[in-house]
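So you can see what is in the structure, the chains are spelled out below.
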Amino acid sequence: MKRTKLAITVTTALLAAEMAAMDRDQTKKELAKLEPAKQAEASVSAMCYEMAAPPERIEYTCPVCAERTLYPFNAGVIDEDELATCRRLMQELPARVLASLDESAFCRKCHPGSTNPELVLVARYQDGQAESASGVRAADLELLTAVVAGQRPVDAPEVQASVLGKLKRLKELVTLGMAK
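Since the model is a prediction, treat every value here as computed from it, not as a measurement.

> If you had to explain the overall build of the chain to someone new, which residues and values would you point to?
Secondary structure assignment for the chain yields six helices and five strands. If you list the helices and strands of the chain from N to C, you get α-α-β-β-α-β-β-β-α-α-α. The buried share among the 180 residues of the chain stands at 28%. Within the chain, contacts between residues at least 6 apart in sequence are counted, and of these 47% link residues at least 24 apart.

In structure tokens form, the structure reads like this:
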């Protein structure tokens, strides 16, 4: 390959030198002799650079037992981006808010009989009681973050219409979180 590259470089240099030595009329005659290419050569590129098709499945890795569970792509299960957003939003909640995200229903080892897995928001209170709301999405957790930050009131219509409205003691959760 190095020899070919060297030969092309030397040939190009010789042609350039010959072209420089010719006068204008000779150059025009030589250029007129060149035939235009009939068809461009197809470019050859590595197949590894082409975009890969999205996987036909969703791989869920349980944060509790580290077991992998595979779901068909359009099975109605939460997608990986939504799950990652929910996890990030839970991390953004202040530590004073006693809430956690239960995603164990997605793990076939932790919940072998789960037919319709959903995220569950579990609100824990200082008296030891817990309350949960299932079917949580990223939009619900964004609302919760806004409520805790005081950007939206607890009784706002969008908060009450979300799964957060199922939490009877949401106001207490927010006020407990703000008291400390």
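> So what's going on with the pattern of salt bridges? Residues and values would help.
On inspection of all chains with the given rule, the structure shows four salt bridges. Across the pair R152 and E158 runs a salt bridge, and its minimum N-O distance is 2.5 Å.

> I'd like to hear about the packing of helix α3 (residues 80-92) against helix α4 (residues 138-148), residue by residue, with values.
One can describe the packing of α3 onto α4 by two numbers: an axis separation of 9 Å at closest approach and a directional angle of 15 degrees. Our classification of the angle between α3 and α4 gives roughly parallel. As for how α3 packs across α4, the hand of that crossing is left-handed. Taken together, the residues of α4 that come into contact with α3 (itself represented by E82, T85, C86, L89 and M90) are A138, L141, E142 and T145. The class makeup of the residues in the contact of α3 with α4 is five nonpolar, two polar and two charged.

> Can you tell me about the sheet that holds strand β5 (residues 130-134), naming the residues and giving the values?
Hydrogen bonds between backbone atoms are what pair the strands of a sheet, whose relative direction is either parallel or antiparallel. Taken together, the three strands give an open sheet; going across it, the order is β3-β4-β5, and neighbouring strands pair in antiparallel fashion. What marks the edges here is a single partner per strand, and that holds for β3 (99-102) and β5. Strand-to-strand twist of the sheet, defined as the mean angle between neighbouring strand axes without regard to direction, takes the value 25 degrees. Looking at chain direction, β3 and strand β4 (residues 120-124) are connected through four bridges and run antiparallel. Note that in β4 the partner of S100 across the bridge is V122. Lying on the sheet, α3 is in contact with β3 and β4; it crosses β3 at an angle near 165 degrees.

> If you had to explain the side chain of E82 to someone new, which residues and values would you point to?
For E82, the position within the fold is in helix α3. Buried charge E82 goes without a salt bridge, the closest partner of opposite sign being R137 at 4.2 Å. Polar side-chain contacts of E82 include one of 2.8 Å to the backbone nitrogen of A138. Beyond its immediate chain neighbours, meaning those up to four positions away, E82 contacts R137 and A138.

> Please provide a residue-by-residue account of the nonpolar core, values included.
Most often, soluble globular proteins have nonpolar side chains that are buried together. Within the largest apolar cluster, 32 residues are counted, with the highest numbers of intra-cluster contacts made by L119, L121, L141, L144 and L164. Looking at this core, the elements that each hand over two or more residues are β1 (57-61), α3 and α4. With six residues, α4 is the single largest residue contributor to this core. Beyond its immediate stretch of four places on either side in the chain, L164 contacts L121, D140, L143, L144, V159 and L170.

Cut-off values and rules
- Residues numbered from 1 in each chain as written.
- Predicted model: local features only at pLDDT ≥ 70, side-chain atom pairs only at ≥ 80, totals over all residues.
- Heavy atoms only, no water.
- Helix = DSSP H or I, 4+ residues; strand = E, 2+ residues; numbered from the N terminus.
- Buried < 20%, exposed > 50% of the residue type's maximum accessible area, 1.4 Å probe, protein only.
- Contact = heavy atoms within 4.5 Å.
- Salt bridge = Lys/Arg side-chain N within 4 Å of Asp/Glu carboxyl O.
- Axes fitted to C-alpha atoms, helices over the stretch in contact; angles between N-to-C directions.
- Parallel < 35°, antiparallel > 145°, perpendicular 65-115°, else oblique.
- Left-handed = near helix turned anticlockwise from the far one by under 90°.
- Nonpolar A, V, L, I, M, F, W, Y, C, P; charged D, E, K, R; others polar.
- Pairing = 2+ DSSP bridges.
- Lys, Arg positive; Asp, Glu negative; His and termini not counted.
- Polar contact = N/O pair within 3.5 Å; in protein donor to acceptor, adjacent residues only side chain to side chain.
- Core = buried A, V, L, I, M, F, W, Y, C linked by side-chain atoms within 4.5 Å.

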